[in-house]
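Structure at a glance
Single-letter residue listing:
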Amino acid sequence: MNKIVEVLPDKAILIARALEVVVSKMQAAIEENGRCTIALAGGGTPKPLYEAIATEALEWDKIHVFWGDERYVEADHPDSNQRMARLAWLNQVPIPEANIHPIPTNGENPAADADKHEAQLQEFFKITQGEFPNFDVILLGIGDDAHTASLFPHTEALQVKQRLIAVGNKDGQPRITFTATLINHAKCVMFLVAGAGKQQALAQIFAPEADSLTYPARLIQPQGELWWLLDHAAGKNLN
Ligand code: 6PG
């Protein structure tokens, strides 16, 4: 693992730096493999990054977009991560609909939809049970509780090792999430973290010793590059 940690002066500069790195990774993947596979984070932090990516002149037909997790709501629900990314980015560019791979959340059965998305990923990446695809880029955030994707502290999803997709649980609300194993097979994982509210979580995530079940972002140790882009408010106390 190659870990890069950058503390940027403010959120706007963090987003500009993230844009620079993510666009270069996407273009390199297209150059190397003829396509790019990127999985998006939800929440609020990455929205301005998605708005910025939409202004770039990229080979949209060669870019495939996935989500690292999804709330278990309809695609047009205000809490939907898919909805946020479509409004901020995907609706603004000529990306083929076939290149957008949302997590299914309309079957009223989270476990069945998790299985369905697992099968969709296996089909797309042409892999079989027990094999893991290597996403070119996976974007992540962290919560104040040091969760990432929908891998929440002391939940069953943290124990799911041999699958691509698991059912997450946030205060009893189901989520669908990439497993830590799938995330760790990525070529590049990038955390975007902004705001003083994330300081305590970062301190535990970066501590030499701490419990990964309590601070799940510690489980993310990818075989490829691990980027932490922090604004000063979040990262100022990290040594
Ligand atoms: C989600 C995200 C989640 C998010 C963190 C940070 O579905 O909410 O995937 O893991 O990245 O909760 O959210 P903010 O960026 O809003 O702080």
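On a predicted model such as this, the values are computed, not experimentally measured, just so you know. Starting afresh in each chain, residues are numbered from 1 along the sequence in its written order. In keeping with the predicted nature of the model, local features appear solely for residues at pLDDT of at least 70, side-chain atom pairs appear and are counted solely at 80 or more, and the whole-chain, interface and lining totals rest on all residues. Side-chain numbers come from the whole structure's heavy atoms, not from hydrogens or water.

1. A closer look at the site of the ligand
Around the ligand sit 14 residues, and of these Gly-44, Thr-45, Asp-69, Ala-149 and Lys-198 come closest. Counted as a polar contact is a pair of N or O atoms within 3.5 Å, where, for protein atoms, one must be capable of donating a hydrogen and the other of accepting one, and residues adjacent in sequence contribute only when both atoms are in side chains. Take Gly-42: an N or O atom from its main chain is 3.3 Å from an oxygen atom of the ligand. For accessible areas, the Shrake-Rupley method is used with a probe of radius 1.4 Å. Any residue's cover is judged against the shown protein chains and nothing else. In isolation the ligand has 420 Å² of accessible area, and contact with the protein removes 84% of it. Mapping the ligand onto the cavity grids shows that it belongs to the largest pocket. Here a residue is near a molecule or strand as soon as one of its heavy atoms is found within 4 Å of it. Lining residues are those with an atom within 4 Å of a point, where the points come from a 1 Å grid over the protein atoms alone and group into cavities, where a 1.4 Å probe fits but cannot get out, or pockets, open sets with protein on both sides within 12 Å along at least five of seven lines. More than half of a molecule's atoms within 2 Å of the grid points is what it takes for that molecule to sit in a cavity or pocket.

2. What about empty space enclosed by the protein?
Taking a probe equal in size to a water molecule and rolling it over the atoms shows the remaining empty space. Grid points are joined across faces, edges and corners, and a volume is the space filled by probe spheres set on the points. What the rule picks out here adds up to one cavity of 30 Å³ or more. By volume, the largest cavity amounts to about 30 Å³. Glu-118, Gln-122, Gln-129, Gly-130, Glu-131, Phe-132, Gln-162, Arg-163 and Leu-164 are the residues that line the largest cavity. In this classification, the charged set is Asp, Glu, Lys and Arg, the nonpolar set is Ala, Val, Leu, Ile, Met, Phe, Trp, Tyr, Cys and Pro, and all remaining amino acids, among them Gly, are polar. Among the residues forming the lining of the largest cavity, the class breakdown is two nonpolar, four polar and three charged.

3. Things to note about the UniProt feature "domain: Glucosamine/galactosamine-6-phosphate isomerase" (unreviewed entry) in the protein chain
UniProt positions are given in the numbering used here, feature names are shortened, and annotations may be inferred rather than shown by experiment. Here, the residues flagged by UniProt with the feature "domain: Glucosamine/galactosamine-6-phosphate isomerase" (unreviewed entry) are residues 10-228. For residues 10-228, the end-to-end C-alpha separation is 14 Å, with 31% helix and 18% strand making up the annotated structure. Secondary structure elements are defined from DSSP: runs of H or I of at least 4 residues count as helices, runs of E of at least 2 residues count as strands, and each element is numbered from the N terminus.

4. Structural notes on the packing of aromatic side chains
Aromatic pairing here means that ring centres of Phe, Tyr or Trp (its six-membered ring) are within 6.5 Å. Orientation follows from the plane angle: under 30 degrees is stacked, over 60 is edge-to-face, and everything else is tilted. Applying the stated rule across the entire model yields 10 aromatic pairs. Grouping aromatic residues by their ring pairs yields a cluster made of Phe-66, Phe-124, Phe-125, Phe-135 and Phe-178.

5. Considering the layout of surface pockets
Estimated volume of the largest pocket: approximately 320 Å³. Elements with a minimum of two residues in the lining of the largest pocket: β4 (69-71) and β5 (137-140).

6. What to know about the sheet that holds strand β7 (residues 173-178)
A pair of strands is considered paired only if DSSP assigns at least 2 bridges between the two. Pairing in this open sheet of three strands is antiparallel, and the strands run β4-β7-β6 from one edge to the other. Sheet topology places β4 and β6 (165-170) at the edges, where each strand pairs with a single neighbour. For this sheet, the mean inter-axis angle between neighbouring strands, taken without regard to orientation, is 25°. Here β6 pairs with β7 via six bridges, running antiparallel. Fitted lines through C-alpha atoms serve as axes, helices being fitted only where they are in contact, and the angles separating the N-to-C directions of these axes extend from 0 to 180 degrees.

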